[in-house]
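Coordinate inspection notes
Each chain, letter by letter, is given below.
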Amino acid sequence: MKRKKFEAAAMAAILAAMSLNGSLIHVSAAENNGSEDDFANQIAAEFSQPEMKYKPYARWWLAEGSHTDETLRESVQELYDDGYGGIEFVTLDESQYLDKETYAWGSPEWIHDTKVIIEECNRLGMSVSMTSGTHWSTANLISITPDEEAASQELGVSPRVEYKEANTKLLPVMRSAEDADYLYLYHYMYEDEENYEGEISLDGIYEPYVIDTWSGNVEKVQGVSYEDGRTVLHVEAAPGETMVFALKHGDDGENSVEQIEAENSGEGTRNEAKDIADTKSEVEKNVSKNAAGAKEKEGNEAVDELQEKSSINNVLTLSNWNLTIDSYEPGEKVTRTEENEDTGVTTTEAAYTTNHVEIDVGTLAELVSWKDIESVGETVSGIGTYTTTFELPDEWQIAENTEASEGDTESASSEAAKTNSGKIEFQVDSFQGGTAAIWINDTKVPVNMDRRTADLTAYIQPGENTITVRVTSSLRNIMITQGYDGWIFGTPDPDDYGMTGETKLVYTK
């Protein structure tokens, strides 16, 4: 049998693993105040522990014939264990290396493999879908033309999500559930340099909340208006950013338009809300002016206090990072062969174990890409662990006993939010497209991957602290060294990996 390059096909399947960038679009929002907002708490709980039908799908690039029934079931089980609620499998077309009559899309062996996948997904309660051919180019349906959109507008048909002005930046997806409707937005023009800013009109009366997809926090959106039975949101999105809205139903009598408008914008319209904001701003200016006069009369004591507050250094630059890298390299080759009794076809699955090689880089003078570090170079892929210690400035006031234990981050964060007199945030310039996890004093803390920040307030302690950042790379650089020939646009240049640029702590009150 011709089994050439099935190993390369299997590695292509690994490279095709995809992740969604769940970042935030910046909206005007009021932070959820603990148990005061039952809807926000309910959404936060459901977001952290979603039902199976709400969990994400994984796209599975399936090498034709390069697997057995056993490995198919193992792969589905691994996806289930990793938290996926379903899969979409796409068949790779290795026509130049493969007996298409035996293994290709639509063949008896393909039908058998498809049944195995569906049976295993059904057993685990997962959803499953497939493309109508091999690769995206042969599996898509005919595109909708602009004429059809114009025809809908002529008939007075409006979409559930409508842009108030022409938009070629955002991709919306809206879904309904029993407790609420949900809106997902993605700024897919990730190579743009400027943010998108505009208004989105939703069919229905809603009280919108925004979900921080990294931390799970839920906040009510302010500055909402209503027009002709539709809810209007103002959004600003950076290139590549995404967000999720939870839309509380407001047309059931309990939350009327008038009631929601009164809560969110005073009189209810955007113009009136702007007038209120302008008036408020003018009042604040007068108050500030009067307060300045009062302070002048208070004399030197007030001036000294102000100077003392302004003298606090609110930024602490972190340096002397120690780096070790767990380098991923191909280990032993493992094969499994199976004969299909139904089709009479014999298939062989080939894979490699992972050989872990530790690289002790030592203390870095500056944070640069791995490929620019002499002891690492362009061929390494894996996980880098960065560690440093620092002394918390005495003038940074934090609540005592805020140290949390692993698995108790939610209660610790809630308690610290009530008592801390200041907020301490970790910030870094770049993770170079990798994923990151952060620990402070051996306690893992939530990290916002889009903003490259982590709120350390609830976990930091007076005096000396240790912070650890673990950054995971892709497998591209090691694949280049293995002579992989499946690149679409030719062999790429080595990627930048690791934590780079400036790292700092920022203190705000």
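Please refer to the structure higher up on the page.
Fair warning: this is a prediction, and the values are worked out from it, not measured in the lab.

What counts as what
- Residues numbered from 1 in each chain as written.
- Predicted model: local features only at pLDDT ≥ 70, side-chain atom pairs only at ≥ 80, totals over all residues.
- Heavy atoms only, no water.
- Pairing = 2+ DSSP bridges.
- Helix = DSSP H or I, 4+ residues; strand = E, 2+ residues; numbered from the N terminus.
- Axes fitted to C-alpha atoms, helices over the stretch in contact; angles between N-to-C directions.
- Phe/Tyr/Trp six-rings, centres within 6.5 Å; stacked < 30°, edge-to-face > 60°.
- Buried < 20%, exposed > 50% of the residue type's maximum accessible area, 1.4 Å probe, protein only.
- Salt bridge = Lys/Arg side-chain N within 4 Å of Asp/Glu carboxyl O.
- Core = buried A, V, L, I, M, F, W, Y, C linked by side-chain atoms within 4.5 Å.
- Contact = heavy atoms within 4.5 Å.
- Polar contact = N/O pair within 3.5 Å; in protein donor to acceptor, adjacent residues only side chain to side chain.

Side note on the sheet that holds strand 5 (residues 161–163)
Strand order across the open sheet formed by 4 strands is 5-8-12-11, with antiparallel pairing between neighbours. Because the sheet does not close on itself, it has two edges, and the strands there are strand 5 and strand 11 (225–227). In this sheet, adjacent strand axes meet at a mean angle of 35 degrees when their direction is disregarded. Note: strand 8 (residues 196–203) against strand 12 (residues 230–237), 8 bridges, orientation antiparallel. Note that in strand 12 the partner of Leu202 across the bridge is Thr231.

Some words on the packing of aromatic side chains
Using the criterion set out here, one finds 4 aromatic pairs in the structure. Measuring from centroid to centroid gives 4.9 Å for Phe39 and Tyr209, while their planes differ by 50 degrees, and the two rings are tilted. Here Tyr209 lies in strand 9 (residues 206–211) and Phe39 lies in helix 2 (residues 38–48), a separation of 170 residues in the sequence. Look at Phe39 and you get buried, because its relative accessible area is 7%. For Tyr209, a relative accessible area of 1% translates into the label buried. Each ring, one from Trp370 and one from Tyr497, has its centre 5.7 Å from the other, and the planes form 70 degrees; the classification is edge-to-face.

Looking at the pattern of salt bridges
Counted under the stated rule, the structure contains 13 salt bridges. Residue Glu162 pairs with Arg230 through a salt bridge whose shortest N-O separation is 3.8 Å. Remark: Arg230 occurs in strand 12 and Glu162 occurs in strand 5; sequence separation between them is 68 residues. For Arg230, a relative accessible area of 11% corresponds to the buried category. Arg476 serves as the salt-bridge partner of Asp495, at 3.6 Å between the closest nitrogen and oxygen.

Observations concerning the nonpolar core
Among the nonpolar cores identified, the biggest contains 39 residues, and Trp321, Tyr386, Phe426, Ile467, Val469, Met499 and Leu505 are the most heavily contacted of them. The set of elements that each furnish at least two residues to this core consists of strand 15 (322–339), strand 16 (346–363), strand 17 (382–391), strand 18 (423–430), strand 19 (435–440), strand 22 (464–472) and strand 23 (500–508). Listed in part, the 20 residues of the second largest apolar core include Leu170, Leu185, Phe245 and Leu247.

Regarding the environment of Lys164
Relative to the helices and strands, Lys164 resides in the loop between strand 5 and strand 6 (170–176). The class for Lys164 is partly exposed, based on a relative accessible area of 37%. Linking Lys164 and Val232, residues 68 residues apart in sequence, is a C-alpha distance of 8.8 Å. Look past the residues within four positions of Lys164 in its chain and what remains in contact with it is Glu199, Ile200, Ser201 and Glu227. In this structure the side chain of Lys164 is engaged in a polar contact, spanning 2.8 Å, whose partner is the side chain of Glu227.

Take it as geometry only, folks, not as evidence of what the structure does.
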